[in-house]
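# Breakdown of the fold
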Amino acid sequence: MNFYKDDPNLAFVLKQYMYEDFFAWAEKELEAFGGLCAGEIDERAVHTDREGQPRLIKYDKMGNDISHVWLNEGYKKTVEQTYNAGIVGYVHKEIPELGRKGNYVYSYAQGYLLSQTEPGFYCPVTLTMATAYLIDHYADEELKEKYLPHVISTGETELFEGATFLTERQGGSDVGANEVKAVLEDGQYRIYGEKYFASNAGACGVAMVLARREGAASGSKGLSLFLVPWRKETGELNGLEIRRLKDKLGVRAVPSGEVVFHGAEAHLVGDADKGIHYMMEALNLSRICNSVASIGIMQRAFLEAKQYAFVRNAFGSRLADFPMVKETLAKLACKQEVETSAVFSLIALYDRVAAGEASREEEAMNRLLIALLKKETAEQAIHFAHESIEMHGGNGYIEDFVTPRLLRDAQVLTVWEGTANILGLEILRLIEKFRADELFVGKIETELEGLDERLQEFAAPVYEGLLRLKELLAAVGRADRDMQTYHCKRAAVLMGKIYESVIALKDAAVGGERKEIVARVFLNDIWGLTEVLDEEMLPVTHFDVLMHVGEAVEVEV
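Residues numbered from 1 in each chain as written. Predicted model: local features only at pLDDT ≥ 70, side-chain atom pairs only at ≥ 80, totals over all residues. Heavy atoms only, no water.

An unreviewed UniProt entry lists the protein chain under the name Isovaleryl-CoA dehydrogenase, from Bacillus infantis NRRL B-14911. The UniProt entry for the protein chain carries this comment under Sequence similarities (unreviewed entry): "Belongs to the acyl-CoA dehydrogenase family." Under the Cofactor (unreviewed entry) heading, UniProt states for the protein chain: "FAD". (UniProt positions renumbered as here; feature names shortened; annotations may be inferred.)

### A closer look at the UniProt feature "domain: Acyl-CoA oxidase/dehydrogenase middle" (unreviewed entry) in the protein chain
UniProt annotation of "domain: Acyl-CoA oxidase/dehydrogenase middle" (unreviewed entry) refers to residues 163-262 when read in the numbering used here. Helix makes up 0% of residues 163-262 and strand 47%, with an end-to-end C-alpha separation of 18 Å. (Helix = DSSP H or I, 4+ residues; strand = E, 2+ residues; numbered from the N terminus.)

### Here's the deal with the layout of surface pockets
There is about 830 Å³ of room inside the second largest pocket. Considering the residues around the second largest pocket, the lining is formed by 29 residues, among which Glu-158, Leu-159, Phe-160, Cys-204 and Gly-205 are closest to the centre. Among the secondary structure elements, those contributing two or more residues to the lining of the second largest pocket are strand S2 (65-70), helix H4 (73-84), helix H7 (141-151) and strand S11 (256-268). Of the residues in the lining of the second largest pocket, the class split is 12 nonpolar, 8 polar and 9 charged. Taken together, domain 1 (8-152) and domain 2 (162-271) each give at least three residues to the lining of the second largest pocket, which thus spans both. (1 Å grid on protein atoms, 1.4 Å probe; cavity = no way out; pocket = protein on both sides within 12 Å on 5 of 7 lines; lining within 4 Å. Points joined across faces, edges and corners; volume = space filled by probe spheres on them. Nonpolar A, V, L, I, M, F, W, Y, C, P; charged D, E, K, R; others polar. Domains from an automatic or database assignment.)

### Focus on the packing of aromatic side chains
Applying the stated criterion to the full structure yields 13 aromatic pairs. When the centroid spacing of 4.0 Å and the interplanar angle of 25° are considered together, the rings of Tyr-138 and Tyr-278 count as stacked. Here Tyr-278 lies in helix H8 (residues 275-311) and Tyr-138 lies in helix H6 (residues 119-138), a separation of 140 residues in the sequence. Judged by its relative accessible area of 22%, Tyr-138 falls in the partly exposed class. Note on Tyr-278: relative accessible area 7%, which makes it buried. Here the aromatic rings of Tyr-308 and Phe-401 are separated by 6.4 Å at their centres, their planes lie at 80°, and the arrangement is edge-to-face. With Tyr-308 in helix H8 and Phe-401 in the loop between helix H10 (360-392) and helix H11 (403-411), the pair connects residues that are 93 residues apart, well separated along the chain. Classification of Tyr-308 as buried rests on a relative accessible area of 11%. Looking at Phe-401, the relative accessible area reads 30%, which means it is partly exposed. An aromatic cluster of three or more residues is present, and its members are Phe-22, Trp-25, Tyr-90 and Tyr-106. The ring of Trp-70 carries the charged tip of Arg-55 above its face, separated from the ring centre by 4.0 Å. (Phe/Tyr/Trp six-rings, centres within 6.5 Å; stacked < 30°, edge-to-face > 60°. Buried < 20%, exposed > 50% of the residue type's maximum accessible area, 1.4 Å probe, protein only. Lys NZ or Arg CZ within 6 Å of the ring centre and 35° of its normal.)

### Some remarks on the domain arrangement of the protein chain
Its domain assignment divides the protein chain into domain 1 (8-152), domain 2 (162-271) and domain 3 (277-547). Once you take the C-alpha centre of each, domain 1 and domain 2 turn out to be 22 Å apart. Each side of the interface is counted separately: domain 1 has 31 residues, and domain 2 has 30 residues. On inspection of domain 1 and its partner domain 2, the count reaches 2 salt bridges. Where domain 1 touches domain 2, the interface holds 7 residue pairs in polar contact (both at pLDDT 80 or more). Here the side of domain 1 that touches domain 2 gets 12 residues from one element, more than from any other, and that element is H6. (Contact = heavy atoms within 4.5 Å. Salt bridge = Lys/Arg side-chain N within 4 Å of Asp/Glu carboxyl O. Polar contact = N/O pair within 3.5 Å; in protein donor to acceptor, adjacent residues only side chain to side chain.)

### A closer look at the environment of Arg-405
Its place among the elements puts Arg-405 in helix H11. As a C-alpha pair, Arg-405 and Gly-250 span 155 residues in sequence and 7.0 Å in three-dimensional space. A polar contact is formed between the side chain of Arg-405 and the backbone oxygen of Thr-117, at a distance of 2.8 Å.

### What about empty space enclosed by the protein?
Applying the stated rule across the entire model yields 5 cavities of 30 Å³ or more. Each pocket or cavity is described by its volume, and for the largest cavity that value is around 60 Å³. Lining the largest cavity we find Lys-331, Arg-520, Val-521, Asn-524, Asp-525, Thr-530, Asp-534, Leu-538 and Pro-539. Every element with two or more residues in the lining of the largest cavity is listed here: helix H16 (481-526) and helix H17 (538-541). With 4 residues, the top contributor of residues to the lining of the largest cavity is H16. Looking at the lining of the largest cavity residue by residue, the classes come out as 3 nonpolar, 2 polar and 4 charged.

In structure tokens:
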């Protein structure tokens, strides 16, 4: 198995956003990484989840608090292979073979492959990506020179994984309630207080920490961003301890702990009054990572269901020979392909935003799409894991198969980086502050108008959905606050369906007959066009095409 070679849709998507020479190089690298992820990294992931979870060694033999997090040797090998492949580094520095920087499209393609085997390990990668972003964009030259080369290391220097510590016991999503303090002592900031859910604790070399300076305003506007080394240059802990590691349902590869700061040395990053703004930028990056992890789980769950259906016999036939099974697999394939294409369309836009090349309208659209797709992909990851378990029957519930871990790992993705309620409120804020609703409607109308006549006939439900969205947004705009917050998730769901439908139709315009079938199956499914009697049975009549049975797939864009 090779997660890149087994997913021709990924190549189809990447060709749309990469220059020819970049894609030629990237394809070789992704094929090699896809083999690693499906092979030895996957084997290590099983061990880490079951027997080799991170462990806190609180004290040494003399009773000193060392707060050391033990990581198994296989996990450390995965760290080496993944970071040396440039999953973080090549966003910020040149790729030697090409003589120019990579981009987020390539990094997230790597993350997509990695998440099919180990979404728990993709969390530390996400945190390191966010740390690199914050240092590169906002740290002064001295801090950048000292720490950035380690955070973006691809093997030439010691790697410092990153972390972003926001959550406190009393706050959770309400970051404005944070109480961790930054005190200036003899010209050096020191951090005091507790971060209650600190992922990559003990494994990171540096952490980006939100803290409130003495005399700063209350609420989120009074928070500043600090870079906190985990250890001093002498090797001892930097005035901090890990109280305990969290016993989590899933994503067990990442050590998540309660970290207490006892005067840890810290370095102010950027403008002291903009800490929350910096961290929200990092949060948006992390939300994209969350979506990438979700579509990775979706793809792995689909692959497992498909492979099982083609080898498992029941009642004298393979599961894959039954029409209802064909329908399930076909719908999963189409949803996963469209959602992957939608996420990478967002990533291509994010590349422009991160590079400072986007307009204010594009920045607002970027934030809107992040919220929409983070919500949808996270929920679909759980759905796909469930469907894969059901395809396996009783075997799907047994830990010898990967399916239980996929479900356990998927569940957290609806929570990390913002629940559906938080994302709904984010969309409401974007509408109020940037008129994001008007931007969205305008973009969709332009995209629909650009479709050729052949595809217009399939777009009827999208036009109807857009009309309903306009009516909903107009009613919400006139309503009181309670009604607005009550309906914000409904608007998000409708926007997501419309956006992904347009993506499906655009892919059909350039991807040939198979992508047209994908679009039709997708549209029929999400708009409920075949809920009662489906005489055409597209998922059955085109099953072999959708599953790539007996095909050598060639993609032209």
